[in-house]
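Close look at the chain arrangement
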Amino acid sequence: IFTLTLTPSIYSFSVGNIVTLSGIVIVVRLVQPSKAYSPILVTPLPIEIDSRLAGSLLHYCLECILKEHFDELLALSEGKIISLAKEIINEYIDVNCGGTEDKSNSYKNKLGRFAKRVAKIINHLQKEFSQCDFVPVGFETSIGKNEDVEPEIIKSESGKNIFVNGKIDRIDLYEFEDKKYIRV
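First things first, this report covers the structure right here in the doc. Just so it is clear, the model here is predicted, and its values are computed rather than measured.

1. Regarding the overall build of the protein
Broken down by element type, the protein carries 5 helices and 6 strands. Beginning at the N terminus, the succession of helices and strands in the protein can be written as α-β-β-α-α-α-α-β-β-β-β. A burial count over the protein gives 35% of its 184 residues as buried. Counting contacts in the protein only where the partners sit at least 6 residues apart, residues at least 24 apart contribute 62% of the total. As displayed, the protein offers around 11,700 Å² of accessible surface, 52% of which is attributable to carbon and sulfur atoms.

The following block contains the structure:
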């Protein structure tokens, strides 16, 4: 839980009595905006490939591995995770970046090192999921008008309506005694 203070820079996003904020705007203000961060480890993620590609690729790898291999997640070896990550990365590069055939060996090596970083993050997730009963149930869930989830309206002290919109990378669910607990 945090308190959102409406500063003049945040008011610049407003139209009339409505303020619309992306979740990333809030997170960027809480964490150093100049570095790429792993959403799980909250430590600098060294980037050797374009940071936009690295972010998309990381999210895609984590989503694919969790969606397709969650039941066996805790038993996956580091080697198997690296192998899965390489397959997913190659598929992503083929579909979205024209493949790797015309890419330099240096670029291909960087993708291989990136797969090892994905494996480290998955290893962290293995430890996390081994200690809890949460299960991933949603990925890249949109929040906004006419999206997957309608935004909650928060009223500011000055009477402005604040809508938080954006995408939730992952939603985890834990059910216990007829109650549902959600972690985002």
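Back to the text.
2. Considerations on the nonpolar core
Ranked by size, the top nonpolar core spans 32 residues in total, and within it L73, I89, V118 and I122 carry the most contacts. Breaking this core down by element, the ones donating at least two residues are α3 (51-69), α4 (78-96) and α5 (105-130).

3. Side note on the packing of aromatic side chains
Within this structure, the stated rule accounts for 5 aromatic pairs. Ring geometry for Y60 and Y92: centres 5.2 Å apart, planes at 50°, overall tilted. You can see Y60 sitting in helix α3 and its partner Y92 sitting in helix α4, a full 32 residues away along the chain. Above the ring of F134, the side-chain terminus of R183 is found at 4.3 Å from the ring centroid.

What counts and how
Residues numbered from 1 in each chain as written. Predicted model: local features only at pLDDT ≥ 70, side-chain atom pairs only at ≥ 80, totals over all residues. Heavy atoms only, no water. Helix = DSSP H or I, 4+ residues; strand = E, 2+ residues; numbered from the N terminus. Buried < 20%, exposed > 50% of the residue type's maximum accessible area, 1.4 Å probe, protein only. Contact = heavy atoms within 4.5 Å. Areas by Shrake-Rupley, 256 points an atom, 1.4 Å probe, with all protein chains shown as cover. Core = buried A, V, L, I, M, F, W, Y, C linked by side-chain atoms within 4.5 Å. Phe/Tyr/Trp six-rings, centres within 6.5 Å; stacked < 30°, edge-to-face > 60°. Lys NZ or Arg CZ within 6 Å of the ring centre and 35° of its normal.

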